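Here's the letter readout for the chains.
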Protein chains: 4
Amino acid sequence: MAIEHVAVERLSEQFIKIRSLSEKLASKLQNEDTMIQAMPDVSPPKWHLAHTTWFFERFILKEKNPSYVPFNPKFDYLFNSYYETIGSYHPRHSRGVLSRPSMNEVYAYRAHVNEGILSLLKEYGEHVPQEIEDLIEIGLQHEQQHQELLLTDVKYNFSCNPLLPQYTEMVSAHQQESQSQTSYVNIEGGLVEIGFTGTGFSFDNERPRHKVWLNAYQLASHPVRNGEYLSFIEAGGYDQPEHWLSDGWAAVKKEKWKHPLYWRKTEDGWYTFTLTGEKKLNLDEPVCHVSFYEADAFARWSGKRLPTEAEWEHAIGSIPLEGNFVESETYHPVVGETHSKSPIKKAYGDVWEWTSSPYTSYPQSKPLEGALGEYNAKFMCNQMVLRGGSCVTSRSHIRPTYRNFFQADKRWQFSGIRLAEDQS
Amino acid sequence: MAIEHVAVERLSEQFIKIRSLSEKLASKLQNEDTMIQAMPDVSPPKWHLAHTTWFFERFILKEKNPSYVPFNPKFDYLFNSYYETIGSYHPRHSRGVLSRPSMNEVYAYRAHVNEGILSLLKEYGEHVPQEIEDLIEIGLQHEQQHQELLLTDVKYNFSCNPLLPQYTEMVSAHQQESQSQTSYVNIEGGLVEIGFTGTGFSFDNERPRHKVWLNAYQLASHPVRNGEYLSFIEAGGYDQPEHWLSDGWAAVKKEKWKHPLYWRKTEDGWYTFTLTGEKKLNLDEPVCHVSFYEADAFARWSGKRLPTEAEWEHAIGSIPLEGNFVESETYHPVVGETHSKSPIKKAYGDVWEWTSSPYTSYPQSKPLEGALGEYNAKFMCNQMVLRGGSCVTSRSHIRPTYRNFFQADKRWQFSGIRLAEDQS
Amino acid sequence: MAIEHVAVERLSEQFIKIRSLSEKLASKLQNEDTMIQAMPDVSPPKWHLAHTTWFFERFILKEKNPSYVPFNPKFDYLFNSYYETIGSYHPRHSRGVLSRPSMNEVYAYRAHVNEGILSLLKEYGEHVPQEIEDLIEIGLQHEQQHQELLLTDVKYNFSCNPLLPQYTEMVSAHQQESQSQTSYVNIEGGLVEIGFTGTGFSFDNERPRHKVWLNAYQLASHPVRNGEYLSFIEAGGYDQPEHWLSDGWAAVKKEKWKHPLYWRKTEDGWYTFTLTGEKKLNLDEPVCHVSFYEADAFARWSGKRLPTEAEWEHAIGSIPLEGNFVESETYHPVVGETHSKSPIKKAYGDVWEWTSSPYTSYPQSKPLEGALGEYNAKFMCNQMVLRGGSCVTSRSHIRPTYRNFFQADKRWQFSGIRLAEDQS
Amino acid sequence: MAIEHVAVERLSEQFIKIRSLSEKLASKLQNEDTMIQAMPDVSPPKWHLAHTTWFFERFILKEKNPSYVPFNPKFDYLFNSYYETIGSYHPRHSRGVLSRPSMNEVYAYRAHVNEGILSLLKEYGEHVPQEIEDLIEIGLQHEQQHQELLLTDVKYNFSCNPLLPQYTEMVSAHQQESQSQTSYVNIEGGLVEIGFTGTGFSFDNERPRHKVWLNAYQLASHPVRNGEYLSFIEAGGYDQPEHWLSDGWAAVKKEKWKHPLYWRKTEDGWYTFTLTGEKKLNLDEPVCHVSFYEADAFARWSGKRLPTEAEWEHAIGSIPLEGNFVESETYHPVVGETHSKSPIKKAYGDVWEWTSSPYTSYPQSKPLEGALGEYNAKFMCNQMVLRGGSCVTSRSHIRPTYRNFFQADKRWQFSGIRLAEDQS
């Protein structure tokens, strides 16, 4: 999705296209739905819509357009997420109290800022400065991240309502594809390189490309499936501390985890809650909504391990970037295979794959200057890296070098497992 | 508000009148506003609208009309507030996650249940059983309580939004009346009686009428005013432990109380948040939104004390029941006097008055049978009695013997102070 | 225990006698035992020994003897319990970190202050001012309260140690007496008086004597026994919300209460932990270590109620003050009867009896002047009154008018139940 | 500290020597001091003494000597720290309630187990099995870790007592040595190896030796000094979010950090609490008792960074293992230099040095079999690596490859900072 030297029209089109997806995703909600924050980790959908807009207003319009008239000066306080260096902000856990601005006002805010950005681009004409291009690009990448969060958050919010609302109808057209058994693919190690290089957009946390030594290893051809994970449950995995990290075992006991988030055991077997409502658990689908702790415990129980992020990137970097993304509108990991020519399947989309790598900066990396330096760098502690995107990620958002990161106990993301192993 | 032996028409009319006030009060809100639960003590307005409806459905239609078809069987779980004996219920602190049923569905639910009740009454014709009358009456009293809560909860919710939304425009027509100075009225004590007697509705907690010995005492002619309370603040009252109960002082330090809820000090003086937006503090208005702890500390600092509920009722029981109620649509305590012929002014309406009496059962009292026995009796611990109603109470809801009760640290109710003193 | 006009010798003797009991009680402990604070409600035994000493130092020696040299100036901070008006103090919940002063130093501190008080008395000779007498008296009453707390706290602390240490050996000499069945005694009501009058010591919270109207009632002849309480448990009382106050039911669920504190069910039946170690539950002993919530729920389940404190005092005020007190060295409620000539048995000693009365001030009461006004008055909120003393109370400490008070959820005191009933 | 093929005498001597240090360290405490657990992270000294003994009893005597008679069967429950796979254990945060066993019993327990181990060795004579040697070795390493913890915990416990007790007198003989300025030492990178190899003891987490790619870098010659850290404080470092990781900034605000643990600002300048009491802050001493968050923020403010653990080990691995260890009995980081022939000074002892490396397993590592596999591996999440030992570490306990690890917010360890930098 390189945007260097694109014509203004192309940048404007891209802007309109990505921005309008947010509204399309929100259009399936009722106004009441846009208010919910069922736990501190999630944000109300309305807040996502406003915050992504504020990002363009704050970092582009207010900085670069002296004549810009802010939509509402208080929105700086309301819709700043966590940029400490540019001022105080509304507490994260209290986003659910903001019934005003109403959805209608938020839509007006979005239109106002869209108009501002598009006018600014038009004004520059052929000569959009690189800095503006970069800021718009990062703003769009940011919006795509929040589109994914909007869906994961709606799923969580709805799961807390005993009425179990549906976000949307199931795409009945989706056809179950055949799927091969999981095998282990040998990967050569050695002194390899990982990290972003070349043109096009990348986040600061993916750079610079750098050398890493890898011992030879094996990587599973597929993500772990529900059926495999169910074996772990039925073998008593959640009752046996020997598989678990200390913090993980503490979480199991404190949170009373007995299965992945959204699973429910009934007399009629296992069910799982999805964005299309609760449905019978399909044992062939990739397991989803597991924490790092569960992924790690499952791996240890299996006699395997999780891959490092370098192993993941080295093995998968050259596989075609295709898969079950948000564009498929399944909003759920599916059965079926991609990458017909590669022995590694389903590397992208479906579920984010936990790696064994803590999220840290790459050697000699340089965070962005100014407030945007807070975008990624300040989270480089107590989080684990996930790779590959999910069924609610935009296809145009993901890259081989893309690093997602969450705390080890988080389960509301579409997070799954791919196993690895040392070569003996 | 006696309803014994009323004709069916009168009962139906009353039902329609009280039920429709809920919708009128909610009509000033946007759908997003009806979702907010800014702290566990408050409920989302939508929940109030549904819960009051469920009360009629559960205790009348389901019990008394075998052919009644429930609107949605899951509503029993969603909208039961705290009746343990009739089944489990949605956790109180999580009412804010219920985006569904939507407001439209809740309105349909209300219409469905209204229709059910009115049909039932029509069916009975002239022969409405006493039990049905009683249940409808308690349901309407219950709805009036929730109408008051809806307003207090909206006020609290809106105060947490930095945009400080207005619930409604100020009634500009309200004219400032003159007001006399506070004096102390001598009241004879002796062996007196308090508690409800006679006909008409009363809650079980107001009965039976019973004897109480009172020493002679004095009662203030007016509730304490903002200006008087400000003197306490300016004298350092919030920094001096000697005025405070132990639990009160702990609350002052933990909550960092420095003034009543909703007050804000600016360079331009004191402001207070109201249902018509933030406005300059009027020193002559009754002080409002103080906890029992603050009322008690203020009284001690003043060299006075709070009255017991028996003292309050004995002194005020015969004063005409008039005042600034919800019907005035001020939604705020005002300057001005009532009861021109009594030395005691403003006894009803404006602000609930904290008494020094813990909320306990009257001697030989009998709670209601069955689940409705949970209505009042089970809260008779760790709460204090308030008397007199407020500017958001319905005129038809209050009585001389009416006992309101809240925990000593609660401040979001329209709660104020009237002082008393021993006769020397 | 009147001390007015006693000769100095008698006051000194009494001082020595009561002070030395603290050391006698502590002598059964190892130094390590004196450090434990197993929950915030309890204090380490060493702290009790030091705090009671500080009370004499701070309120008498420092105030009345200009030449007094404090033992250690920092002890004012360490051993002030809660007197806000005389300065800041070490946080209550952190008393367990004070390994220094060591026990040896605390004993030296006690000797230093004892010497100071006795010298002061000797100096006054025949002319001890009333104020000094009063302060010494209150200091001794205070010490007796902490002697009781020391025992209740040691019991709690030891119960948290899986080794279940014994505080002392069981008094094998204690002989099981016979005991009659519980009956209900009719008590005339009317306009009665309660509260302290006459000479001798009383706390400010017992005064003044005042009129109360009582309807005729019945009071149980005996406290509730373990066997009776066990019937409540076996009938499912802890699983049935209908018996419980709302706050009580919340406590049952949060704390997972299934039986009184210290009870334990084994394959071999019920056991209870005592200061002489764990022993088989004796069904005839008074039930002990129940909260107000449990007492209240048991009463409701029984079709009875708890007495008010006025009912208790009116019925029991004239019964001889005898019973199973700390002097008996059983440290446990026992089987057997007292008051052979009264139909009401075991009114004093054994277990404190929860009343249905919230702890509030008596009409026209006057708290003590100065810091000692904090002794009782500031706790008059959110606590319930208990009457009659227990097996760890000193015989000389209790009176018919004595008011003990604790929060409704506390169970580590020796608290039990006596039932009452309206006369029909 | 290789123990392979040592004669039995040498192993026994070593056992006696290390075990007796625990008692020597404890001998400066009063029995009351051995009870304190001033926060959940610390353990009472008595618990350390018992737990280290239990380790030998549980993993050697009970496993390998069928005729061994346990000292007290309940100690398995009381003194297991966290080995989930061998049974349940007393909750960590409640170790402070264990007044029994008393210190005398704990000493008897130590003697009993010492006797057991030494008898077992004697029985084997010349033929001590390798497994026994290994277990004794790990038990002794474990005891040394707890000796360090005992001192850090006593320091923390005493710091919470307003009397600020001294653990021991200051060693007056310690002479201030001269010290050079901090410079930056260039280190060649490349494909290097880290991790333990060779003979002698190492923990499973140090193995296997493996390849790591390092870019060329610079390492500071000295740890950061108090004076340098003070500049950060005075420049407002604790008020400027731009230096801090997100979790770090949250900790700063929640814990109200303004300076390292144990520092105190007075009118007379800065003081710090030490095991020899509070003393004036020496600006030339290494800064100590900082969290990883503070180390990281200081580095960023300085325009530098923390080294990775591979950088640390690669640069320091060949420097002589000398420094200010527990044997010096300073119990405090000191001024002065070591390693006269190396440009890198004070690499060992004084303060543990935070690295930028999260604590994870080495490639192809194998945790120990059985319960001892829980020793290190299960903590490999949410912790950061520290290197080099401190002034309370035993000289014989540390190695170039030794990996210590703590959560990023911990400050009660003797943890300091050494800076690094990329070569430009």
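Residues numbered from 1 in each chain as written. Chains lettered and ligands numbered in written order. Predicted model: local features only at pLDDT ≥ 70, side-chain atom pairs only at ≥ 80, totals over all residues. Heavy atoms only, no water.

### What about the overall build of chain A?
Applicable threshold: A run of DSSP states H or I qualifies as a helix once it reaches four residues; a run of E qualifies as a strand once it reaches two. Both are numbered from the N-terminal end. Computation of the radius of gyration draws on C-alpha atoms alone. For the globule rule, the value is 2.2 Å times the number of residues to the power 0.38. Each residue's exposure class comes from its accessible area (1.4 Å probe, protein chains only) as a fraction of the maximum for that residue type: buried when under 20%, exposed when over 50%, partly exposed otherwise. Charge counting follows a simple rule: Lys and Arg are positive, Asp and Glu are negative, and His as well as the terminal groups are ignored. Charge positions come from single atoms, namely NZ of Lys, CZ of Arg, CG of Asp or CD of Glu.
Of the regular secondary structure elements, chain A holds nine helices and 14 strands. The C-alpha atoms of chain A give a radius of gyration of 22 Å, which matches the 22 Å a tight globule of 424 residues would have. Along the longest, intermediate and shortest principal axes, the C-alpha atoms of chain A span 65 × 55 × 40 Å. Looking at chain A as a whole, 60% of its 424 residues are labelled buried. Computed over 43 positive and 55 negative side-chain charges, the separation of the two mean positions in chain A equals 2 Å.

### With respect to the relation of the copies chain C and chain B
How we decide: Alignment of copies: least-squares fit on C-alpha atoms of residues with pLDDT of at least 70 in both copies. Working rule for contacts: check all heavy atoms of both residues, and any pair within 4.5 Å makes them a contact.
Each copy of the sequence occupies a distinct position, and chain C is placed on chain B by a rotation of 180 degrees and an axial shift of 0.0 Å, giving an RMSD of 0.0 Å. On the angle and the small slide along the axis, the relation comes out as a two-fold axis. By C-alpha distance to the rotation axis, the residue of chain C lying nearest is Asn382(C), at 2.5 Å. Most of the interface of chain C is mirrored in chain B: 100% of its interface residues are interface residues there too.

### Considering the side chain of Glu84(B)
The criterion, for reference: One speaks of a salt bridge when a side-chain nitrogen belonging to Lys or Arg is within 4 Å of a carboxyl oxygen belonging to Asp or Glu.
Inspection of the secondary structure puts Glu84(B) in the loop between helix H3 (75–79) and helix H4 (103–124). Although Glu84(B) is buried, it makes no salt bridge; Lys253(C) carries the closest opposite charge, 4.0 Å away. Beyond its immediate sequence surroundings of up to four residues, Glu84(B) is in contact with Tyr89(B), Glu374(B), Lys378(B), Pro241(C), Trp249(C) and Lys253(C).

### A word on the state of the cysteines
Defined simply, a disulfide is a covalent bond joining two cysteines at their sulfur atoms. Worth spelling out the cut-off: Disulfides are defined as cysteine sulfur pairs within 2.5 Å.
The final tally for this structure, using the stated rule, is zero disulfides over all chains. Cysteine Cys391(A) remains unbridged, with the sulfur of Cys288(A) as its closest cysteine sulfur at 6.0 Å. Overall, Cys391(A) belongs to the buried group, its relative accessible area being 0%. The structure places no disulfide on Cys381(B), whose sulfur is separated from the nearest cysteine sulfur, that of Cys381(C), by 11 Å.

### Describing the packing of aromatic side chains
Residues and elements named next belong to chain B. Where we set the bar: Stacked, tilted and edge-to-face pairs are distinguished by plane angle, under 30 degrees for stacked and over 60 for edge-to-face with tilted covering the rest, among Phe, Tyr and Trp rings (Trp via its six-membered ring) whose centres lie within 6.5 Å. Two thresholds decide whether a charge sits over a ring: the Lys NZ or Arg CZ must be within 6 Å of the ring centre and within 35 degrees of the ring normal.
If you walk through the whole model with that rule in mind, you get 151 aromatic pairs over all chains. A ring pair is formed by Phe232 and Trp301, whose centres lie 5.4 Å apart and whose planes are at 65 degrees; its orientation type is edge-to-face. Linking Phe232 in helix H6 (residues 226–234) with Trp301 in helix H8 (residues 292–301), this pair joins segments that are 69 residues apart in sequence. The class for Phe232 is buried, based on a relative accessible area of 0%. Residue class for Trp301 comes out partly exposed when judged on its relative accessible area of 30%. Above the plane of the ring of Trp47 lies Arg95, whose end atom (NZ or CZ) is 3.5 Å from the centre. The cationic tip of Lys304 hangs over the ring face of Tyr184; the distance from NZ or CZ to the ring centre is 4.4 Å.

### Concerning the sheet that holds strand E14 (residues 420–422) of chain B
Residues and elements named next belong to chain B. This is how it is decided: Strand pairing is assigned whenever DSSP identifies at least 2 bridges connecting the two strands. Axis lines are fitted to C-alpha atoms, over the contacting stretch for helices. Their N-to-C directions set the angle, which ranges from 0 to 180 degrees.
Pairing is antiparallel across the open sheet formed by three strands, whose spatial order is E1-E4-E14. Single-partner strands in this sheet number two, and they are strand E1 (184–187) and E14. Looking at each pair of strands side by side, their axes are set apart by 25 degrees on average, direction ignored.

### Quick look at the pairing of strand E4 (residues 217–220) of chain A
Residue and element names in this part refer to chain A. Residues Tyr217 and Leu219 point to one face of E4 and Gln218 and Ala220 to the other, with burial holding for every one of them. Summarising the sheet, strand E1 (residues 184–187) and E4 pair through four bridges and their orientation is antiparallel. In the strand pairing of E4, Tyr184 is matched with Ala220. Where E4 meets strand E14 (residues 420–422), three bridges bridge the pair, whose relative direction is antiparallel. Of the residues in E14, the one forming a bridge with Tyr217 is Asp422.

### Observations regarding helix H5 (residues 130–159) of chain D
For an α-helix, 3.6 residues make a turn, and residues three or four places apart therefore share a direction. What counts here: Helices are assigned an expected span. That span is 1.5 Å times one less than the residue count.
The end-to-end C-alpha distance of H5(D) is 44 Å, a good match for the 44 Å that 30 residues give at a rise of 1.5 Å each. In terms of residue burial, H5(D) counts as a mostly covered element, since 24 of its 30 residues are buried.

### What to know about the interface of chain C and chain B
Just so we agree on the cut-off: Throughout this description, a polar contact denotes any pair of N or O atoms lying within 3.5 Å of each other; where both atoms belong to protein, one of them has to be capable of donating a hydrogen while the other can accept it, and for residues adjacent in sequence the pair is counted only when both atoms sit in side chains. The residue classification treats Ala, Val, Leu, Ile, Met, Phe, Trp, Tyr, Cys and Pro as nonpolar and Asp, Glu, Lys and Arg as charged. All others, Gly included, are polar.
On the side of chain B, 29 residues touch chain C, which itself brings 29 residues to the contact. Counting the contacts that link chain C with chain B gives one salt bridge. One salt bridge connects Lys253(B) with Glu84(C), and the closest N-O pair in it is separated by 4.0 Å. For the pair chain C and chain B, the interface holds ten residue pairs in polar contact (both at pLDDT 80 or more). Broken down by secondary-structure element, the contributors of at least two residues to the side of chain C that touches chain B are strand E3 (210–214), helix H7 (246–255) and helix H8 (292–301) of chain C. Of all the elements, H7(C) adds the most residues to the side of chain C that touches chain B, at four residues. In terms of residue class, the side of chain C that touches chain B is built from 15 nonpolar, seven polar and seven charged.

### What to know about the relation of the copies chain B and chain A
Between the two copies, chain B and chain A, the superposition gives an RMSD of 0.0 Å; the rotation angle is 180 degrees and the shift along the axis is 0.0 Å. When the interface residues of chain B are mapped onto chain A, 100% of them are again interface residues, pointing to one common binding face.

### Examining the UniProt feature "domain: Sulfatase-modifying factor enzyme-like" (unreviewed entry) in chain A
Under the convention used in this document: UniProt positions are given in the numbering used here, feature names are shortened, and annotations may be inferred rather than shown by experiment.
The UniProt entry lists residues 182–420 of chain A under the feature "domain: Sulfatase-modifying factor enzyme-like" (unreviewed entry), expressed in the numbering used here. Between the first and last C-alpha atoms of residues 182–420 of chain A the distance is 12 Å; the span itself is 15% helix and 22% strand.

### A short note on the domain arrangement of chain A
Residue and element names in this part refer to chain A. Quick note on the threshold: All the domain ranges listed were derived from an automatic or database domain assignment. Accessible-area loss on putting two parts together, using a 1.4 Å probe and summing over both, is the definition of buried area adopted here.
Domain parsing of chain A yields domain 1 (8–159) and domain 2 (184–422). Spacing between the C-alpha centres of domain 1 and domain 2 amounts to 27 Å. Each side of the interface is counted separately: domain 1 has 32 residues, and domain 2 has 32 residues. Between domain 1 and domain 2, the buried area comes to about 2700 Å², and carbon and sulfur atoms account for 63% of it. Run the count over domain 1 and domain 2 and you get 17 residue pairs in polar contact (both at pLDDT 80 or more). Elements that contribute at least two residues to the side of domain 1 that touches domain 2 include exactly helix H1 (8–26), helix H2 (45–64) and helix H5 (130–159). The leading source of residues in the side of domain 1 that touches domain 2 is H5, at 18 residues.

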